[in-house]
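Geometric and topological summary
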Amino acid sequence: MLYPESVWRIPEREKTVYLTFDDGPIPEVTPWVLEILDRYKIKATFFCVGENVARYPELYEELRRRGHQTGNHTMNHVQGITYTVKRYIENVDRADRLIDSVLFRPPHGHMRLRQVKALRHRYQIIMWDVVTRDYSRKRSPEQVLEAVKRYTRNGSVVVFHDSLKAEKNLRWALPRSIEWLFENGYRFKTL
């Protein structure tokens, strides 16, 4: 396996899905996501960028107050493959002082094996098996929804983004994805 002991999907017998969001929190998108989740009575896991948590601490606290899980997504959304192990761990540690979670997701899903080995003793490394690519300008909102419909299965970890790049696709596809998942018998859990 590329990343030993990382979680890509949760073994589930029942129709269960783990909804996750990367890159926030930001005031332009995250409050809207929270309202959608509240409307459907769903809890999710937010993998937060430390600099966004530092910039919007009240928004981060609101995520936690509403009962959502949070995870570390590095301080500056850095790709592990472009950093030495030491510098990458330092960046993760800076974010940890603000986020304080045992969950970690590498930005872009990229890390060096030595970074994985250094982090896996302190964090549960959470990847995904359904990436919506809602951030891509080459994807339409309909294609984002189609990714959810096509690839979700029992125990899927689905990733959306509460970011400006994803906003247009997210605002259309997120509610429709949630409705489709409910209509198809899925229950929502957090990591």
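Details of the structure are given in the entry above.
Residues numbered from 1 in each chain as written. Predicted model: local features only at pLDDT ≥ 70, side-chain atom pairs only at ≥ 80, totals over all residues. Heavy atoms only, no water.

1. Focus on the overall build of the protein chain
Which entries qualify depends on this criterion: Starting at the N terminus, helices and strands are each numbered in turn, a helix being any DSSP run of H or I of at least four residues and a strand any DSSP run of E of at least two. Partly exposed residues are those whose accessible area sits between 20% and 50% of the maximum for their type, while under 20% is buried and over 50% is exposed, using a 1.4 Å probe and protein chains only. Contact definition: two residues touch when any of their heavy atoms are within 4.5 Å. Note that accessible areas follow from Shrake-Rupley with a 1.4 Å probe, and for residues the cover is restricted to the protein chains shown. Think of it this way: Lys and Arg go in the positive column, Asp and Glu in the negative one, and His and the chain ends go nowhere. In plain terms, the charge of a residue is placed at NZ if it is Lys, CZ if Arg, CG if Asp and CD if Glu.
Within the protein chain, the regular secondary structure consists of seven helices and eight strands. For the protein chain, the C-alpha atoms occupy an extent of roughly 45 × 35 × 35 Å along the three principal directions. Taking all 191 residues of the protein chain together, the buried fraction comes to 55%. Partitioning the contacts of the protein chain with sequence separation of at least 6, the portion at a separation of at least 24 is 75%. Roughly 9300 Å² of accessible area belongs to the protein chain as shown, and the carbon and sulfur atoms make up 48% of that amount. Within the protein chain, one finds 33 positive and 24 negative side-chain charges whose respective centroids are separated by 5 Å.

2. Points about unusual backbone geometry
Most peptide bonds take the trans configuration, and most residues that are not glycine carry a negative phi. P25 follows G24 through a cis peptide bond whose omega is -5 degrees. Within the chain, H77 stands out as a residue other than glycine whose phi angle is a positive 55 degrees. Tracing the chain through its elements places H77 in the loop between β3 (69-72) and α4 (85-99). Look at D100: it is not a glycine, yet its phi comes out positive at around 50 degrees. Its place among the elements puts D100 in the loop between α4 and β4 (103-104).

3. Quick notes on the packing of helix α1 (residues 30-39) against helix α7 (residues 167-183)
For any two helices packed against each other, one specifies the crossing angle of their axes together with the interaxial distance. Stated precisely, the cut-off is as follows: Between the N-to-C directions of two axes lies an angle of 0 to 180 degrees, each axis being a line fitted to C-alpha atoms and, for a helix, fitted only over the stretch in contact. An angle below 35 degrees is treated as roughly parallel, one above 145 as roughly antiparallel, one from 65 to 115 as roughly perpendicular, and anything else as oblique. With the far helix as reference, a near helix turned anticlockwise by less than a right angle produces a left-handed crossing, and one turned clockwise produces a right-handed crossing. We call Asp, Glu, Lys and Arg charged. Ala, Val, Leu, Ile, Met, Phe, Trp, Tyr, Cys and Pro are nonpolar, and the rest, Gly among them, are polar.
Contact geometry of α1 with α7 gives a least axis separation of 11 Å together with a crossing angle of 20 degrees. As the angle between them shows, α1 and α7 are arranged roughly parallel. The interaxial crossing formed by α1 with α7 has right-handed handedness. Of the residues in α7, those touching α1 at W32, V33, I36 and L37 are L170, R171, L174, P175 and I178. Looking at the contact of α1 with α7 residue by residue, the classes come out as eight nonpolar, no polar and one charged.

4. Thoughts on the packing of aromatic side chains
To be explicit about the condition: Any two rings among Phe, Tyr and Trp, with Trp reduced to its six-membered ring, count as a pair given centres within 6.5 Å; such a pair is stacked if its planes are under 30 degrees apart, edge-to-face if over 60, and tilted if neither.
By the definition in use, this model includes eight aromatic pairs. Between F104 and Y123 the ring centres are 5.7 Å apart and the planes differ by 45 degrees, which places this aromatic pair in the tilted class. Residue F104 is located in strand β4, and its partner Y123 is located in the loop between α5 (113-119) and β5 (124-125); the two are separated by 19 residues in the primary sequence. Each member of the pair, F104 as well as Y123, carries the same accessibility label: buried. Grouping aromatic residues by their ring pairs yields a cluster made of F21, F46 and F160.

5. With respect to the pattern of salt bridges
Put simply, the rule is: Should a side-chain nitrogen of Lys or Arg be within 4 Å of a carboxyl oxygen of Asp or Glu, the pair is scored as a salt bridge.
Applying the stated criterion across every chain yields a total of eleven salt bridges. With its nearest N and O atoms 3.4 Å apart, the salt bridge here joins K189 to E12. Of the two residues, K189 is situated in strand β8 (residues 187-189) and E12 in the segment before β1 (16-22); the sequence distance between them amounts to 177 residues. With its nearest N and O atoms 3.0 Å apart, the salt bridge here joins K86 to E90. Of this pair, K86 and E90 both sit in helix α4, four residues apart, roughly one helical turn. Within this structure, E35, D38, E62, R65 and R66 form a network of salt bridges that share partners.

Function cannot be inferred from these measures alone, as they are strictly geometric.
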